[in-house]
Amino acid sequence: MQSGFAQVRKIAALDDGKPLRPHDLRHRFAVTRLGLWHQQRANVQALLPLLATYLGHASYSDTAYYLTGSVDLLAMAAERAFLDGGAA
């Protein structure tokens, strides 16, 4: 798998500095999906089990490993909290 993934990275020109790992793609997918749900003003908390399913996890705690607070994601969450009355 590593050899094939390395070939695909090279073809797609994704090796610019630090090599991309399969884990990096899962992380990017999870963070991007959360960002899109925030932009759609969806109930992100209710959709987290769906994200766990997308990633093939049995529980949300496994999914939480892939989630980090990117600047954009944190800004969207803060804006929604303010607009939805979550911030005083």
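Residues numbered from 1 in each chain as written. Predicted model: local features only at pLDDT ≥ 70, side-chain atom pairs only at ≥ 80, totals over all residues. Heavy atoms only, no water.

(A) Structural detail: helix H5 (residues 71-83). Taking 1.5 Å per residue, 13 residues should reach 18 Å; H5 reaches 18 Å between its end C-alpha atoms and fits that length. Looking at the buried residues of H5, the elements they touch are helix H2 (22-39) and helix H3 (44-54). (Helix = DSSP H or I, 4+ residues; strand = E, 2+ residues; numbered from the N terminus. Expected span 1.5 Å × (residues − 1). Contact = heavy atoms within 4.5 Å.)

(B) How the structure looks around the packing of H2 against H3. In contact at an axis separation of 11 Å, H2 and H3 are set at 150° when each is read in the N-to-C sense. One finds that H2 runs roughly antiparallel with respect to H3. Handedness of the crossing formed by H2 with H3: right-handed. Only Val44, Leu47, Leu48, Leu50, Leu51 and Tyr54 of H3 make contact with H2, whose side of the interface consists of Phe29, Ala30, Arg33, Leu34, Trp37 and His38. Of the residues that constitute the contact of H2 with H3, the class distribution is ten nonpolar, one polar and one charged. (Axes fitted to C-alpha atoms, helices over the stretch in contact; angles between N-to-C directions. Parallel < 35°, antiparallel > 145°, perpendicular 65-115°, else oblique. Left-handed = near helix turned anticlockwise from the far one by under 90°. Nonpolar A, V, L, I, M, F, W, Y, C, P; charged D, E, K, R; others polar.)

(C) The arrangement of the packing of aromatic side chains in detail. Scanning all chains against the criterion turns up two aromatic pairs. When the ring of phenylalanine 29 is compared with that of tyrosine 54, the centres are 6.0 Å apart and the planes differ by 65°; the resulting orientation is edge-to-face. Residue phenylalanine 29 is located in helix H2, and its partner tyrosine 54 is located in helix H3; the two are separated by 25 residues in the primary sequence. Each ring, one from tryptophan 37 and one from tyrosine 54, has its centre 6.4 Å from the other, and the planes form 35°; the classification is tilted. Taken together, the positions of tryptophan 37 in helix H2 and tyrosine 54 in helix H3 put the pair 17 residues apart, joining distant regions of the chain. Here tyrosine 54 falls in the partly exposed class, since its relative accessible area comes to 44%. (Phe/Tyr/Trp six-rings, centres within 6.5 Å; stacked < 30°, edge-to-face > 60°. Buried < 20%, exposed > 50% of the residue type's maximum accessible area, 1.4 Å probe, protein only.)

(D) Just H3, in detail. Of the positions making up H3, those classed as buried are Val44, Leu48, Leu51 and Ala52. In a view along the axis of H3, the buried residues occupy a sector of 105°, so they form one face of it. Facing away from the buried side of H3 by over 90 degrees, the exposed positions are Ala46, Pro49 and Thr53. Those residues of H3 that are buried lie in contact with H2, helix H4 (60-64) and H5. A positive backbone phi angle near 80° is found at glycine 56, which sits one or two residues after H3. (Arc of directions from axis to C-beta.)

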